[in-house]
Amino acid sequence: MGTLDGRTAMQLRSSLEELGTREVVVDFTHLREFRDSAVGVLTHGLSERKVQFRGLAGHHERMFRYFGLTTGNVAPPRAYYTPEEVLA
C-alpha cells in the first residue's frame, strides 16, 4: 500500500534478501504510486531468485523486462493490421 519509490524499494529488496532462496510472491495491487526508479532497485539481484509479481500495470511489466526480469505475466498478442486490411 502507498508509494513504492527508491527508498521503499530498498526496504522491500532487503526483506526479500532476508528470505533467502524461498519462493516469494510480491503483490503490487494496492499501490497508490509506483515510481519507475523502484524497478531498478528491485531488479538488482532478483534475476536468480524465484519471485513472482502480481498487480503490475503494463508499463511496469515492461520496465521489469527492460531490466532483464520476467514478471511471469504474458500480455495478449496485439493485433497489427496493414493499411489495406483496415481499408477493406
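Everything below is about the structure printed above this text.
All chains use their own residue numbering, which begins from 1 and follows the written sequence. Local features in a predicted model are, by the rule used here, given only for residues with pLDDT of at least 70; side-chain atom pairs are given and counted only at 80 or more, and totals for whole chains, interfaces and linings are based on all residues. Calculated side-chain values reflect all of the structure's heavy atoms, with hydrogen atoms and water omitted.

> Would you mind going over the packing of aromatic side chains with me for this structure?
For any pair of aromatic rings, the description rests on two quantities: the centre-to-centre distance and the angle between the ring planes. Classification of ring pairs uses Phe, Tyr and Trp, with its six-membered ring standing for Trp, and accepts pairs whose centres are within 6.5 Å; under 30 degrees between planes counts as stacked, over 60 as edge-to-face, and the remaining range as tilted. What the rule picks out here adds up to four aromatic pairs. Here the aromatic rings of Phe34 and Phe64 are separated by 6.4 Å at their centres, their planes lie at 80 degrees, and the arrangement is edge-to-face. Here Phe34, found in strand β3 (residues 31–34), pairs with Phe64, found in helix α3 (residues 58–66); they are 30 residues apart in sequence, far enough to count as distant. Residue Phe34 shares its accessibility class with Phe64, and that shared class is buried. Relative to Phe64, the ring of Phe53 has its centre 4.7 Å away and its plane inclined at 25 degrees; by these criteria the two rings are stacked. Strands are runs of DSSP state E lasting at least two residues, helices are runs of H or I lasting at least four, and both sets are numbered from the N terminus onward. Between buried and exposed lies partly exposed: a residue is buried under 20% and exposed over 50% of the maximum accessible area for its type, with that area taken using a 1.4 Å probe on protein chains only.

> I'm lost on the environment of Leu19 in this one. Help?
Locating Leu19 in the fold gives a position in the loop between α1 (6–18) and β2 (24–27). Contacts: residue pairs with any heavy atoms within 4.5 Å of one another. Contacts of Leu19, omitting those with residues within four sequence positions, involve Val24 and Arg49.

> Can you walk me through helix α2 (residues 36–43) in this structure?
What α2 keeps buried is the set Ala38, Val39, Val41, Leu42 and Thr43. Residues of α2 that are buried in the fold lie against β1 (2–4), α1, β3 and α3. Backbone geometry just downstream of α2 places Gly45 in the positive-phi region, at approximately 85 degrees.

> What is the right way to read the packing of α2 against α3 from this model?
When two helices pack together, their arrangement is given by the angle between the helix axes and by the axis-to-axis distance. Note on definitions: angles span 0 to 180 degrees between N-to-C directions of axes, and those axes are lines fitted to C-alpha atoms, for helices only across the stretch in contact. Orientation of α2 relative to α3, taken along the N-to-C sense of each, is 40 degrees, at an axis distance of 10 Å. As judged from the angle between their axes, α2 and α3 are oblique. Crossing angle aside, the handedness with which α2 passes α3 is right-handed. Of the residues in α3, those in contact with Asp36, Val39, Leu42 and Thr43 of α2 are His59, His60, Met63 and Phe64. Convention used here: angles under 35 degrees read as roughly parallel, angles over 145 as roughly antiparallel, angles from 65 to 115 as roughly perpendicular, and any remaining angle as oblique. Helix crossings are classified by the rotation of the near helix relative to the far one: an anticlockwise turn of less than a right angle makes the crossing left-handed, while a clockwise turn makes it right-handed.

> Help me understand the layout of surface pockets, please; the structure alone is not making it clear to me.
Gaps between atoms show up when a probe of the same size as a water molecule is rolled over them. Residues are said to line a cavity or pocket when one of their atoms sits within 4 Å of a point; the points come from a 1 Å grid over protein atoms alone, cavities being sets where a 1.4 Å probe fits but cannot get out and pockets being open sets with protein on both sides within 12 Å along at least five of seven lines. Grid points are joined across faces, edges and corners, and a volume is the space filled by probe spheres set on the points. The computed volume of the largest pocket comes to approximately 190 Å³. Taken together, Met1, Thr3, Leu4, Thr8, Leu12, Val26, Asp27, Phe28, His30 and Leu31 make up the full set of residues lining the largest pocket. Put simply, the parts of the chain that give the lining of the largest pocket at least two residues each are β1, α1 and β2. Grouping the constituent residues of the lining of the largest pocket by class yields six nonpolar, three polar and one charged. Ten residue types, Ala, Val, Leu, Ile, Met, Phe, Trp, Tyr, Cys and Pro, are classed as nonpolar, four, Asp, Glu, Lys and Arg, as charged, and the remainder, Gly among them, as polar.

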